[in-house]
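Tertiary structure, described
One letter stands for each residue in the lines below.
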Amino acid sequence: MMASTPLAVCTKPKFLIENFKKSSDILSSLSMRYEQLLASEKYYDCVFLIGEHEVRCHKLILATASPVFEAMFYGPISEKQNIIEILDMSYDIFKLMIVYIYKGLLDFCALTLEETIELYYGAEKYLLNELKLECLDAIQLKLRFSNILAALELSICLDLSSLLSICFNFFTRCCLKEAQFVAHLKTHYYHVSKDCIKTIISMCKEQIPAQNLLWFIYEWCQQECEEMGLKQTECSTIIEDLNLKDSEAELKHMDNDNKTKLKPQYSQSLERCYYKACRPFTVDYDNCEWATCIKSNRFISLQGLTLHSRLTPHLTRFSIPSDYLENMIIEITAPTHDDSLMWSHTVSKQLTKYNCDVNVKWAEGIVLSPDIEYQIKLLWHPSQSQGAEYPCSLFSSQVEGIQFRDLVTHSGSLIKGIHFVNLV
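The following refers to the structure shown.

So, how was this worked out
Residues numbered from 1 in each chain as written. Predicted model: local features only at pLDDT ≥ 70, side-chain atom pairs only at ≥ 80, totals over all residues. Heavy atoms only, no water. Helix = DSSP H or I, 4+ residues; strand = E, 2+ residues; numbered from the N terminus. Areas by Shrake-Rupley, 256 points an atom, 1.4 Å probe, with all protein chains shown as cover. Polar contact = N/O pair within 3.5 Å; in protein donor to acceptor, adjacent residues only side chain to side chain. Contact = heavy atoms within 4.5 Å. Expected span 1.5 Å × (residues − 1). Buried < 20%, exposed > 50% of the residue type's maximum accessible area, 1.4 Å probe, protein only. Salt bridge = Lys/Arg side-chain N within 4 Å of Asp/Glu carboxyl O. Phe/Tyr/Trp six-rings, centres within 6.5 Å; stacked < 30°, edge-to-face > 60°. Disulfide = S-S within 2.5 Å. Pairing = 2+ DSSP bridges. Axes fitted to C-alpha atoms, helices over the stretch in contact; angles between N-to-C directions. Parallel < 35°, antiparallel > 145°, perpendicular 65-115°, else oblique. Left-handed = near helix turned anticlockwise from the far one by under 90°. Nonpolar A, V, L, I, M, F, W, Y, C, P; charged D, E, K, R; others polar.

Another point: the overall build of the protein chain. Across its full length, the protein chain holds 15 helices and 15 strands. Accessible surface, the protein chain as shown: approximately 23,900 Å² in total, 54% of it carbon and sulfur.

Assignment of secondary structure puts serine 393 in strand S12 (residues 389–395). At 3.3 Å, the side chain of serine 393 forms a polar contact with the side chain of histidine 308. Not counting chain neighbours up to four residues away, the residues in contact with serine 393 comprise Tyr274, Lys276, Ala277, Cys278, His308, Gly412 and Ser413.

The next point concerns helix H6 (residues 129–142). The end-to-end C-alpha separation of H6 is 20 Å, in line with the 20 Å expected for 14 residues at 1.5 Å each. Of all the positions in H6, only Leu131, Lys132, Cys135, Leu136, Ala138, Ile139 and Lys142 are classed as buried. Buried residues along H6 sit in contact with helix H4 (91–103), helix H5 (113–125) and helix H8 (161–175).

What follows is about the pattern of salt bridges. Applying the stated rule across the entire model yields 10 salt bridges. Among the salt bridges present, the one from glutamate 41 reaches arginine 56, with a minimum N-O distance of 3.4 Å. On the criterion of sequence distance, the pair formed by glutamate 41 in the loop between helix H1 (4–40) and strand S1 (46–50) and arginine 56 in strand S2 (residues 53–57) is long-range, its members being 15 residues apart. Across the pair arginine 310 and glutamate 326 runs a salt bridge whose closest N-O atoms are separated by 3.5 Å. One end of the pair, arginine 310, is in the loop between strand S7 (300–308) and strand S8 (323–333); the other, glutamate 326, is in strand S8, with 16 residues separating them in the sequence. The network of salt bridges with shared partners includes Glu41, Glu54 and Arg56.

This structure, assessed with the given rule, holds 16 aromatic pairs. Geometrically, the ring pair formed by tryptophan 380 and tyrosine 390 is tilted, given 5.0 Å between the ring centres and 40 degrees between the ring planes. One end of the pair, tryptophan 380, is in the loop between strand S11 (374–379) and helix H15 (382–385); the other, tyrosine 390, is in strand S12, and 10 residues separate them in sequence. The residues tryptophan 380 and tyrosine 390 share a single accessibility class, namely buried. Members of the aromatic cluster, each reached through a chain of ring pairs, are Phe48, Phe69, Phe73, Phe94 and Tyr126.

Once that is clear, we can look at unusual backbone geometry. A positive phi angle, near 55 degrees, is found at aspartate 159, a position not held by glycine. Mapped onto the elements of the fold, aspartate 159 is located in the loop between helix H7 (148–157) and H8. Exposure remark for aspartate 159: the relative accessible area of 66% places this residue in the exposed category. Although it is not a glycine, lysine 349 adopts a positive phi angle of roughly 50 degrees. Secondary-structure assignment places lysine 349 in strand S9 (residues 341–353).

Moving on to the state of the cysteines. One covalent bond between the sulfur atoms of two cysteine residues makes up a disulfide. Under the definition given, this model contains 0 disulfides. Cysteine 175 carries a free sulfur, and the closest cysteine sulfur to it, the one in cysteine 174, is 6.2 Å from it. Its relative accessible area of 0% is what places cysteine 175 among the buried residues.

Our next topic: H5. For H5, which comprises 13 residues, the first-to-last C-alpha distance of 18 Å matches the rise-based estimate of 18 Å (1.5 Å per residue) to within 8%. Along its buried surface, H5 packs onto H4, H6, H7 and H8. Two residues or fewer past H5, leucine 127 is found with a positive phi of approximately 55 degrees.

All right, on to the sheet that holds S1 then. Pairing within the open sheet is mixed, and its 3 strands lie in the order S2-S1-S3. Whereas interior strands pair on both sides, the edge strands pair on one side only; in this sheet they are S2 and strand S3 (83–85). The average angle at which neighbouring strand axes cross in this sheet is 25 degrees, direction not considered. Taken together, the 5 bridges between S1 and S2 define a ladder with antiparallel strand orientation. Paired with phenylalanine 48 across the strands is valine 55, a residue of S2.

Moving on, we come to the sheet that holds strand S10 (residues 357–368). Pairing is antiparallel in the open sheet, where 4 strands are placed in the order S4-S15-S7-S10. Each of the sheet's edge strands pairs with one partner strand only, and the pair in question is strand S4 (268–271) and S10. Each adjacent strand pair in this sheet contributes to an overall mean axis angle of 25 degrees, direction not counted. Of the strand pairs in this sheet, S7 and strand S15 (residues 415–422) are connected by 7 bridges, and their pairing is antiparallel.

So, on to the pairing of S15. Burial analysis of S15 places 7 of its 8 residues in the buried class, the great majority of the element. Inspection of the sheet shows S4 paired to S15 by 4 bridges, in the antiparallel sense. Across the sheet, leucine 270 pairs through a bridge with isoleucine 418, a residue of S15.

Mapped onto the fold, serine 396 is located in the loop between S12 and strand S13 (398–399). For serine 396, a relative accessible area of 6% corresponds to the buried category. Those residues in contact with serine 396, other than ones at most four positions away along the chain, are Arg272, Cys273 and Tyr275.

Contact geometry of H6 with H8 gives a least axis separation of 10 Å together with a crossing angle of 25 degrees. The pairing of H6 with H8 is recorded here as roughly parallel in orientation. Seen along the crossing, H6 lies across H8 with a hand that is right-handed. Side by side, H6 and H8 meet where Leu136, Ile139 and Gln140 of the first sit next to Ser162, Leu163 and Ile166 of the second. Grouping the amino acids of the contact of H6 with H8 by side-chain chemistry returns 4 nonpolar, 2 polar and no charged.

Following this line, the structure appears as structure tokens:
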């Protein structure tokens, strides 16, 4: 009897695993059958017209997925005709929504931000709750400096409150407080409507005023004047119409306690797990660069690095110093895109102790987007650092969702960790 107890304990998990696999196989098989039914257009009993295109569907399948379709086909005021015209969605996105209803899966990676927002609009309209949540998750990962204004404009025009909340959160935390966005907007201006600007102002008033809100508004006004061929002096008329006086007064007469609230959050420190020491890295004319790749699973503002400091030099005729002046350049590029330089920081005569960690920090953080691999490069001027030795170590490759990839050209790494702020 006692021997049967362990057997029962071991058998139960195996049974559950097998049962789960069977259920997954059944769902996959049903998904394929429904997808084939949609593609074959057999036994269809309703047709959606989008421009010159048709989508032939089955009322019962649509009704089981959406209460809106259920009311449309089987409710007290159901459609008498079997042909329904769609005027507010494109054919490609509406067809994707229908495919999701039949199949239950969708590849969001192949969609642009605008397409994902339109799909979210369809999910909101037809009350497809699971698709709504998946779209919101995908949109949050697709937001960038280059498309946030378009996302805000669409969410306001389509009156999508959940989407507006996500976009506004990204805009205030990842854009307005970052110098990168300021520089990007000057060279990559995107037109948004006055209603969009007014909504941004009113939402900022409900919270703590954003650090660069007024600058953003004035920049928008100047760009709008250029687009419309107006003189810069005529910008004042546009600014007055936006009713910015309250915001200006709040920022000008803000006391010190409130001003501190506008500053970015305090940065967090993250260190990689140490494994073992490797051969030191020596700076000379042929070898004066070091690179490590980093990738995050979320939006972060990178605000500093933790590095190995130099090894104490071997001096025989002179006394051994305890510290030195560090000089280097830190560059960040995104190799997966166009390999162009995104950002650089110069470390000039930073007093540093030998054989210790050195924390290099900068005032304005650089925003790293999720799931994009960036390269962090350290460069020394050989004439200033000739013969300097830096200890290298093998570290863990992933810590709290931050991945590090040390290049195979080096043995170990100089970068022990990072200082950052979680933006979203």
